Amino acid sequence: MNIPHGRRQWCLIPIMLSATLLSSPSIMAQDVTGQINLISTIGGNPSLSPLVTWKVFKVNPRDKKIPLNPPLYTLNRHSISLSLTQGHYKVVVSLADVVKEKDFKIQAEDKHTLEIAVDSTK
């Protein structure tokens, strides 16, 4: 096939552009985050206690009871807002003798609020 020189360049641009577009999502997917707002409550209202302890773990999606690593975050405050990469997580919140656990999942650009009552053992 005999393509004039000027047109040959334009034939390569779509090929290079499609290769770039195909490789970009896999790179971006690792960095995409979602947001979770964690709020401890007492009697249905924010606890406002600095004695609340939060531990956030990334977990294996097949066995959510086993964290993959030590906590990603350990914070003492009544609420926190975190940006996390996509995946499965477990949060453990405690106040005095009350300890609660919840699992949650973050997907690209999610925004969730998770309220956890720390005033009862229910």
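Parameters at a glance
- Residues numbered from 1 in each chain as written.
- Predicted model: local features only at pLDDT ≥ 70, side-chain atom pairs only at ≥ 80, totals over all residues.
- Heavy atoms only, no water.
- Helix = DSSP H or I, 4+ residues; strand = E, 2+ residues; numbered from the N terminus.
- Buried < 20%, exposed > 50% of the residue type's maximum accessible area, 1.4 Å probe, protein only.
- Contact = heavy atoms within 4.5 Å.
- Areas by Shrake-Rupley, 256 points an atom, 1.4 Å probe, with all protein chains shown as cover.
- Salt bridge = Lys/Arg side-chain N within 4 Å of Asp/Glu carboxyl O.
- Phe/Tyr/Trp six-rings, centres within 6.5 Å; stacked < 30°, edge-to-face > 60°.
- Core = buried A, V, L, I, M, F, W, Y, C linked by side-chain atoms within 4.5 Å.
- Polar contact = N/O pair within 3.5 Å; in protein donor to acceptor, adjacent residues only side chain to side chain.
- pLDDT = per-residue confidence, 0-100.

Moving on: the overall build of the protein chain. What the protein chain contains, in helices and strands, is one helix and nine strands. The helix and strand sequence of the protein chain, counted from the amino end, reads α-β-β-β-β-β-β-β-β-β. A total of 122 residues make up the protein chain; the buried ones form 27% of that total. Sequence separation of 24 or more characterises 59% of the internal contacts of the protein chain that already satisfy a separation of 6 or more. Accessible area of the protein chain: about 8500 Å², with a carbon and sulfur share of 57%.

Moving on to the pattern of salt bridges. Throughout the structure, instances matching the rule amount to two salt bridges. Across the pair Lys-90 and Asp-103 runs a salt bridge whose closest N-O atoms are separated by 3.0 Å. Of this pair, Lys-90 sits in strand S7 (residues 87-95) while Asp-103 sits in strand S8 (residues 98-106); the two residues are 13 residues apart in sequence, bridging distant segments of the chain. Accessibility expressed as a relative area gives 8% for Lys-90, which makes it buried.

Okay, the packing of aromatic side chains next. As enumerated under the stated definition, the model contains one aromatic pair in all. Taking 5.5 Å as the distance between ring centres and 15 degrees as the angle between the ring planes, the aromatic pair formed by Tyr-89 and Phe-104 counts as stacked. Placement of Tyr-89 in strand S7 and of Phe-104 in strand S8 is noted, with a sequence separation of 15 residues between them. Overall, the relative accessible area of 11% leaves Phe-104 in the buried class.

Ranked by size, the top nonpolar core spans 17 residues in total, and within it Ile-36, Leu-38, Trp-54, Val-56, Leu-84, Val-91 and Phe-104 carry the most contacts. Contributions of two or more residues to this core are made by strand S1 (33-42), strand S3 (53-60), strand S6 (79-85), S7, S8 and strand S9 (111-117). Considering each element in turn, this core owes the most residues, four residues, to S7. Not counting residues within four places of it along the chain, the set of residues in contact with Val-56 comprises Leu-38, Pro-71, Leu-72, Tyr-73, Ile-80, Leu-82, Leu-84, Tyr-89, Lys-90, Val-91 and Phe-104.

Okay, the side chain of Ser-47 next. With respect to the helices and strands, Ser-47 occurs in the loop between strand S2 (45-46) and S3. A distance of 2.6 Å separates a polar atom in the side chain of Ser-47 from a polar atom in the side chain of Ser-40. Setting aside residues no more than four positions away along its own chain, Ser-47 makes contact with Ser-40, Thr-41, Ile-42, Val-52, His-78 and Val-118.

The next point concerns the environment of Ala-108. Its location among the elements puts Ala-108 in the loop between S8 and S9. Along the primary structure Ala-108 and Gln-86 are separated by 22 residues, whereas in three dimensions their C-alpha atoms are 6.1 Å apart.

Turning our attention to the confidence of the model for the protein chain. Summarising the model, the protein chain shows a mean pLDDT of 78, and 68% of its residues fall at 70 or more. Scored below 50 in pLDDT, residues 10-29 makes two contacts in the model with residues more than four places away or belonging to other chains.

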